[in-house]
Structure formats: C-alpha cells, structure tokens
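The residues making up each chain are set out below.
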Amino acid sequence: DIQMTQSPSSLSASVGDRVTITCRASQSISSYLNWYQQKPGKAPKFLIYAASSLQSGVPSRFSGSGSGTDFTLTISSLQPEDFATFYCQQSYSSPYTFGQGTKLEIK
Amino acid sequence: QVQLQESGPGLLKPSQTLSLTCTVSGGSISSGSYYWSWIRQPAGKGLEWIGRIYTSGSTNYNPSLKSRVTISVDTSKNQFSLKLSSVTAADTAVYYCARVLAVLTLAFDIWGQGTMVTVSS
C-alpha cells in the first residue's frame, strides 16, 4: 500500500493567515492526489483533485501543488469557516489511501 | 443535485454481518463515468477506503478487508450496498458512501452524511 504522511498533524493559525499543509507519498504517485476538508460530525468535502485542480464551488483561496511524492495544500487567507481537518488521498493505485489528517485550529 | 444517504443497523454483535445501503437521489446511479464507494472512519481517526463498484458490477476491494467485504449494486433501486462479515469491535466506525469521480484522477466528490455502526456484545 502507498503510505500518505501529512505534516503538521495540527496547526494553529489566525484569520487572514496564509497556511500550507504538506502531504508526502511513500512512492511516486504522479499527480494522483486529492484533498478534502472535514468539519466535526460532518462528511469530508472534496476540495482539490489531480493535485492542483480546484473542485467547482471551492473558494479560490484554496490551492494545491506538487507531483511525484510531495504535495501541498495552501489557504491564502484563512477565513473562520476554514478551520477543520484536512486530508490528502492518493488514487494512483488501489487501495486508495488517505493521510492521517491535519487539524487546523484557531490561534 | 446528486445526494447519497446511508441506511442500516447501527448496533451489531461480534461475528454478525454488517449490512448497509446507500441510496442515490437526484440522478441515476448508472449515468456518467462514476464508481461508487464505501469509506469508514473510526471515532477520532482517519479515513479508510473499503471498496468500490461500477454499475456493471465490477468491484475492487481494500486487501485488508477483502476476505470479509462484498459490495453490490441495484440499478433498479438506484442503490448500492455493503456487507462486511464477521465484525469485531475494530469495525466500529462511521461508514460513508461516496461517489467516485473519474476525471484525471479518482476522487470522492459526493459523500453521504455517514452512519455510525457500533459493534459490541
């Protein structure tokens, strides 16, 4: 199985901050990388696919980059509704695996 | 717009079989290039992909669960289902059904709200 490792595991930031979350794959996955946002008690929400393509309806302050083994999710200016847990997920090969999550909290 | 809703028993005893159904509304389960998938999440933990099915009936399972998992589809009812046999406490989790978008990558673009399944004697 391909292991996905996110860093940091948790992050405190303030409204208006620029934040970056990193996801590293245990082997090259080309650009087969997706990002999700999950709020407590809710299902994950699909944000970004193929490493850098923004899903329809997702605010443009979210962006993704990377290829191979190293990927990043950036939020350019944090809004109050952005505080949540973020997961990366690879679809390069089955089984499709997720990172352990990065919890973004309000400072 | 397409919505997914999980249903099924919330409490099971060890060794029983978990059976969940996902009902798709707002669109046909057979339309478009989509797979349909199950994902679970133990309380306070991360997400684990269980398996997927195409409307042709073709399936793909997580090897860690493959011996116990069956996913099936009923296009006439616009539903797909999960069966997980011989459950233990380790199978206690929120179970999500999700649509799998196959464009450039395979991504879970629409999710159900999730259903909590507890395994306890």
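A quick note: this is a predicted structure, and the numbers were derived from the prediction, not measured.

This brings us to the overall build of chain A. From N to C terminus, chain A includes 0 helices and 10 strands. Secondary structure of chain A in N-to-C order comes out as β-β-β-β-β-β-β-β-β-β. By the compact-globule yardstick of 13 Å for 107 residues, chain A fits well, its C-alpha radius of gyration being 13 Å. Residue pairs in contact within chain A that sit at least 24 positions apart in sequence constitute 56% of those at least 6 positions apart. With an accessible surface of roughly 4700 Å², chain A has 44% of that area assigned to carbon and sulfur atoms.

Moving on to the nonpolar core. Core analysis: the biggest nonpolar cluster contains 45 residues, and Phe80(B) and Trp111(B) have the highest contact counts within it. With 7 residues, strand 9 (residues 93-103) of chain B is the single largest residue contributor to this core. Those residues in contact with Trp111(B) that lie beyond four places of it in its chain are Tyr36(A), Ala43(A), Pro44(A), Phe98(A), Leu4(B), Ile39(B), Leu47(B), Tyr96(B), Cys97(B) and Ala98(B). Membership of the second largest hydrophobic core comes to 24 residues, among which are Val19(A), Ala25(A), Ala51(A) and Cys88(A).

In this section: the interface of chain A and chain B. Taken together, the contact between chain A and chain B spans 20 residues of the former and 22 residues of the latter. For the pair chain A and chain B, the two sides together bury roughly 1700 Å², of which 63% comes from carbon and sulfur. Of all residues in chain A, Pro44(A), Tyr96(A) and Phe98(A) bury the most surface against chain B, accounting for 32% of the area lost on that side. Between the two partners, chain A and chain B, sit 0 salt bridges.

When the sulfur atoms of two cysteines share a covalent bond, that bond is a disulfide. All names here are of chain A. Taken as a whole and judged by the stated rule, the model has 2 disulfides over all chains. Note on cysteine connectivity: cysteine 23 is disulfide-linked to cysteine 88, with sulfurs 2.1 Å apart. Its torsion about the S-S bond being 70°, the disulfide of cysteine 23 and cysteine 88 is classed as right-handed. With cysteine 23 in strand 3 (residues 19-25) and cysteine 88 in strand 9 (residues 85-90), the pair connects residues that are 65 residues apart, well separated along the chain. Under the relative-accessibility criterion, cysteine 23 is labelled buried at 0%.

Moving on, we come to the packing of aromatic side chains. Inspection of every chain in the model, using the stated rule, returns 15 aromatic pairs over all chains. With a centroid separation of 5.8 Å and 75° between ring planes, the pair formed by Tyr36(A) and Trp111(B) is classed as edge-to-face. Separated into two different chains, Tyr36(A) in strand 4 (residues 33-38) and Trp111(B) in strand 10 (residues 105-111) make up a pair that spans both. Trp111(B) carries the same exposure label as Tyr36(A), and that label is buried. Centroid distance Tyr35(B) to Tyr54(B): 5.2 Å. Interplanar angle 55°. Geometry classified as tilted. With Tyr35(B) in strand 4 (residues 34-41) and Tyr54(B) in the loop between strand 5 (48-53) and strand 6 (59-61), the pair connects residues that are 19 residues apart, well separated along the chain. One aromatic cluster is present, formed by Tyr36(A), Phe46(A), Tyr49(A), Phe98(A), Tyr96(B), Phe108(B) and Trp111(B) through successive ring pairs. Over the ring of Tyr34(B) we find Arg99(B), and its NZ or CZ is 3.8 Å from the ring centre.

Rules used in this analysis
Positions within a chain are numbered from 1, following the residues in the order the chain's sequence is written. Numbering of ligands from 1 and lettering of chains from A proceed in the order in which they are written. Local features in this predicted model are restricted to residues whose pLDDT is 70 or higher, and side-chain atom pairs enter the listing and the counts only when it is 80 or higher, whereas totals over whole chains, interfaces and linings include all residues. Hydrogens and waters are ignored; side-chain quantities use all the structure's heavy atoms. Helix numbers and strand numbers start at the N terminus; a helix is a DSSP run of H or I with at least 4 residues, a strand a run of E with at least 2. What the globule rule says is 2.2 Å times the number of residues to the power 0.38, and the radius of gyration is computed from C-alpha atoms. Should any heavy atoms of two residues lie within 4.5 Å, those residues are counted as being in contact. Residue-level accessible areas treat just the shown protein chains as cover; the underlying method is Shrake-Rupley with a 1.4 Å probe. The term nonpolar core refers to a set of buried residues drawn from Ala, Val, Leu, Ile, Met, Phe, Trp, Tyr and Cys, joined through side-chain atoms within 4.5 Å. Using a 1.4 Å probe on the protein chains alone, a residue whose accessible area is under 20% of its type maximum counts as buried, one over 50% counts as exposed, and one in between counts as partly exposed. As a working definition, buried area equals the accessible area (1.4 Å probe) given up by two parts on being put together, with both sides summed. One speaks of a salt bridge when a side-chain nitrogen belonging to Lys or Arg is within 4 Å of a carboxyl oxygen belonging to Asp or Glu. Cysteine sulfurs are considered disulfide-paired once they come within 2.5 Å of each other. Each Phe, Tyr or Trp ring, with Trp reduced to its six-membered ring, pairs with another whose centre is within 6.5 Å; inter-plane angles below 30 degrees give stacked pairs, above 60 give edge-to-face pairs, and intermediate values give tilted ones. In our convention, an over-ring charge means Lys NZ or Arg CZ found within 6 Å of a ring centre and within 35 degrees of that ring's normal.

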